[in-house]
Amino acid sequence: MNDSIYFYIPEGCSSATKFYVDIIKDVYSSHGLECKLTDKLADIPYRANVVTIRPLEFLKVWLTKHPKYTLTWFQGLSPEEIKMEYKPSLRRFLKIPVHEFAEKLCLKVCDVCLFVSDAMRNHYIRKYGIIPDKSFIMPCFNMEFNENLIRKNPYRYERPTFVYAGNLSSWQCFKHTLKLYKKIKDILPDASLRIYTHEIDKALSILKEHNVDAKVDCVSAQQLSEELADYKYGFIVRDDIVVNNVATPTKMNSYMSSGLIPVYSDVIEAYKQPISGHAHVIPFLTDEEAINKILHMEQTPVSVDKIVNEYGDIFSKYWNRNKYIEELSAILYI
């Protein structure tokens with residue numbers, strides 16, 4: 001048996017990607033395999049065991065290395081994302097079929113396919129008519145339950161303080177978030193907004209364009225958790241499109257690990273059962289629904305003990321690192 005497995009990640013690991021990849025690495029390590037992380041295709045031997053985190057990387061490995069064993073993590077819907085991000089052009093015209101070919105091949109021949117939600121797996125089955133031989137569902141998350149952080153500042157729940165954390169890509173709906181916040185501010189004059197993004201200048205420009213007053217800052221991922229623990233609500237606004245329907249935004253996990261009450265578009269299929277039915281979350285389909293639920297929350301004293309119990313239950317069932325390691329160990333063998 002080959003005692004090594006190569007993680008081919010040419011674009012490197014973000015904090016969210018690293019957390020997910022580390023879970024997979026821990027499983028293979030427990031089976032006695034040496035995990036080797038590389039961003040170079042040349043580092044991977046012929047007929048090696050290989051993990052990739054996108055079908056496109058799987059295609060490159062499959063064509064050049066004829067791997068013995070493969071696992072691919074499907075993070076998103078690349079063809080659909082390309083249609084959103086790129087204007088009609090020759091580049092877009094050429095990129096989409098390449099990504100679709102990679103997805104189809106991966107579903108057919110990859111030993112294990114990891115999806116972030118059942119909705120994502122079902123999307124691929126509907127689109128290509130292919131049921132992967134072996135698949136596993138694990139949502140994106142990068143934080144574990146932190147009761148001390150949630151209890152850090154119990155007084156934050158007495159004020160309508162809002163946070164937006166993340167980049168300003170179109171699919172993040174930052175402008176819609178600001179429009180929603182303005183409506184909230186009209187009804188709750190003491191509301192405030194804090195923005196954490198590495199695109200500070202762009203954020204300031206958009207804030208000025210929408211006549212919204214907010215503090216903007218950029219902090220490390222580790223520091224962000226501490227910062228978030230001083231606020232009450234966190235925005236996750238999304239359009240009702242297939243890319244979002246099948247996703248599991250890491251932001252939800254990051255917000256709730258710091259005790260933020262998420263205010264989020266209820267278009268994410270994976271969150272409907274494990275999250276949306278709880279008391280201290282605000283799923284919405286219209287701005288008016290969001291505002292009404294926030295007003296109701298503002299009229300109801302928030303118990304930190306209840307937040308801890310409720311969020312702790314969600315983490316134990318849905319964002320449980322040890323649970324996924326145990327379940328993956330049963331199927332990730334070479």
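Here, the structure is the one placed above.
It should be emphasised that the depicted structure is a prediction, and the values quoted were computed from it without experimental measurement.

Participant: Before we move on, could you go through the environment of phenylalanine 115 and cite the residues and values that matter?
Facilitator: Mapped onto the secondary structure, phenylalanine 115 falls in strand β5 (residues 112-115). Using a relative accessible area of 0% as the deciding quantity, one classes phenylalanine 115 as buried. Separated by 24 residues in the primary sequence, phenylalanine 115 and proline 139 place their C-alpha atoms 7.6 Å from one another. Residues contacting phenylalanine 115, with those up to four places away along its chain left out, are Tyr20, Phe74, Leu107, Met120, Arg121, Tyr124, Pro132, Ser135, Phe136, Ile137 and Met138.

Participant: Describe in detail the pattern of salt bridges, supporting the description with residues and values.
Facilitator: Side-chain pairs of opposite charge can arise where the charged atoms are in close proximity. Inspection of every chain in the model, using the stated rule, returns 19 salt bridges. Lysine 272 is the partner of aspartate 266 in a salt bridge, and the nearest nitrogen-oxygen pair spans 3.5 Å. We classify aspartate 266 as buried; its relative accessible area is 18%. A residue is classified by how much of its surface remains accessible, and lysine 272, at 33% relative accessible area, is partly exposed. Bridged by salt links that share partners, the residues Glu11, Arg54 and Glu57 form one connected network.

Participant: Can you lay out the packing of aromatic side chains for me, pointing to particular residues and giving the numbers?
Facilitator: In this structure the tally under the stated criterion is 18 aromatic pairs. Ring centres of phenylalanine 141 and tyrosine 324 lie 5.9 Å apart, and the angle between their planes is 50 degrees; on these two criteria the pair is classed as tilted. With a gap of 183 residues between them, phenylalanine 141 in the loop between β6 (135-137) and α6 (147-151) and tyrosine 324 in helix α14 (residues 321-329) connect regions that are remote in the sequence. With relative accessibility at 1%, the residue phenylalanine 141 sits in the buried group. Consider the rings of tyrosine 271 and tyrosine 318, whose centres lie 6.2 Å apart with planes at 85 degrees: the pair is edge-to-face. With tyrosine 271 in the loop between β11 (261-265) and β12 (282-284) and tyrosine 318 in the loop between α13 (304-317) and α14, this pair connects stretches of sequence that are 47 residues apart. Per residue, the accessibility class of tyrosine 271 equals that of tyrosine 318, and both read buried. Grouping aromatic residues by their ring pairs yields a cluster made of Phe145, Tyr271, Phe315, Tyr318 and Trp319.

Participant: Now, about the nonpolar core: what can you tell me, with residues and values included?
Facilitator: Grouped together as the largest cluster of nonpolar side chains are 107 residues, with contacts concentrated most on Tyr28, Leu114, Ile275, Trp319 and Leu332. Among the elements that take part in this core, helix α1 (residues 15-30) stands out by supplying 7 residues, more than any other. Leaving out residues up to four positions away in the same chain, tryptophan 319 has contacts with Pro139, Cys140, Phe141, Met252, Asn253, Met256, Tyr271, Ile275, Ile314 and Tyr324. Listed in part, the 6 residues of the second largest apolar core include Tyr6, Tyr8, Ala48 and Val61.

Participant: Can you explain the packing of helix α3 (residues 78-85) against helix α4 (residues 90-109)? Please cite residues and give values.
Facilitator: The N-to-C vectors of α3 and α4 enclose an angle of 165 degrees; their axes lie 8 Å apart at closest approach. It follows that α3 is roughly antiparallel to α4 by the angle criterion. Between α3 and α4 lies a crossing whose hand is right-handed. Along its contact with α3, which presents Ser78, Pro79, Ile82 and Lys83, the element α4 presents Arg92, Lys95, Ile96, His99, Glu100 and Glu103. For the contact of α3 with α4, a count of residues per class yields 3 nonpolar, 2 polar and 5 charged.

Participant: Describe the side chain of threonine 197, naming the residues involved and giving the relevant values.
Facilitator: Along the chain, threonine 197 falls in the loop between β8 (192-196) and α8 (200-209). Engagement of the side chain of threonine 197 in a polar contact is seen with the backbone oxygen of glycine 166, the distance being 2.9 Å. Ignoring sequence-local partners within four residues, the contact set of threonine 197 consists of Gly166, Asn167, Leu168, Ala203, Val216, Asp217 and Cys218.

Participant: Please set out the sheet that holds strand β4 (residues 69-74) residue by residue, giving values where relevant.
Facilitator: Two strands in a sheet stick together by hydrogen bonds in their backbones, pointing the same way (parallel) or opposite ways (antiparallel). Taken in spatial order, the 6 strands make up an open sheet running β2-β1-β3-β4-β5-β6, and their pairing is parallel. A single partner strand is all that each edge strand has here, and the edge strands are β2 (34-38) and β6. When strand polarity is set aside, the average angle formed by the axes of neighbouring strands in this sheet is 20 degrees. Note that strand β1 (residues 4-8) and strand β3 (residues 49-52) share 3 bridges and pair parallel. If you follow tyrosine 8 over to β3, its bridge partner there is threonine 52. Sheet strands touched by α4: β4 and β5. Its angle to β4, the strand with the most contacts, is close to 130 degrees.

Participant: Help me get a handle on unusual backbone geometry, residues and values and all.
Facilitator: Of note, histidine 66 is a non-glycine position whose phi angle comes to about 45 degrees, a positive value. Among the residues examined, histidine 66 registers a relative accessible area of 38% and is labelled partly exposed. In this structure, asparagine 211 is a non-glycine residue whose phi angle is positive, near 55 degrees. Secondary-structure assignment places asparagine 211 in the loop between α8 and β9 (215-217). Taking the relative accessible area as the measure of exposure, asparagine 211 reaches 66% and is therefore exposed.

Analysis parameters
All residue numbers refer to position in the chain's written sequence, counted from 1. Two thresholds apply to this predicted model, a pLDDT of at least 70 for residue-level local features and 80 or more for giving and counting side-chain atom pairs, whereas whole-chain, interface and lining totals are computed over all residues. For side-chain calculations, the full set of non-hydrogen atoms in the structure is used, while hydrogens and water are omitted. Strands here are runs of E lasting at least two residues and helices are runs of H or I lasting at least four, both read from the DSSP assignment and numbered beginning at the N terminus. Relative accessibility under 20% of the residue-type maximum defines a buried residue, over 50% an exposed one, and the middle range a partly exposed one, all with a 1.4 Å probe and only protein chains included. Two residues form a contact once any of their heavy atoms are found within 4.5 Å. A side-chain nitrogen of Lys or Arg and a carboxyl oxygen of Asp or Glu constitute a salt bridge if their distance falls within 4 Å. Side-chain rings of Phe, Tyr and Trp, where Trp is taken by its six-membered ring, are said to pair if the distance between their centres is within 6.5 Å; with planes under 30 degrees apart they count as stacked, over 60 as edge-to-face, and otherwise as tilted. What we call a nonpolar core is a set of buried Ala, Val, Leu, Ile, Met, Phe, Trp, Tyr and Cys residues that are connected through their side-chain atoms within 4.5 Å. To get an axis, a line is fitted to the C-alpha atoms, and for a helix only the part in contact is used. The angle between two axes follows their N-to-C directions and goes from 0 to 180 degrees. In these notes the angle categories are as follows: under 35 degrees is roughly parallel, over 145 is roughly antiparallel, 65 to 115 is roughly perpendicular, and the rest is oblique. For any helix crossing, the convention is left-handed if the near helix is rotated counterclockwise from the far helix by under a right angle, and right-handed if that rotation is clockwise. The classification used treats Ala, Val, Leu, Ile, Met, Phe, Trp, Tyr, Cys and Pro as nonpolar, Asp, Glu, Lys and Arg as charged, and all other residues, Gly among them, as polar. Any pair of nitrogen or oxygen atoms within 3.5 Å is treated as a polar contact; in protein, a donor-acceptor pairing is required on top of that, and neighbouring residues in sequence qualify only through side-chain atoms on both sides. Strands are labelled as partners when DSSP assigns at least two bridges between them.

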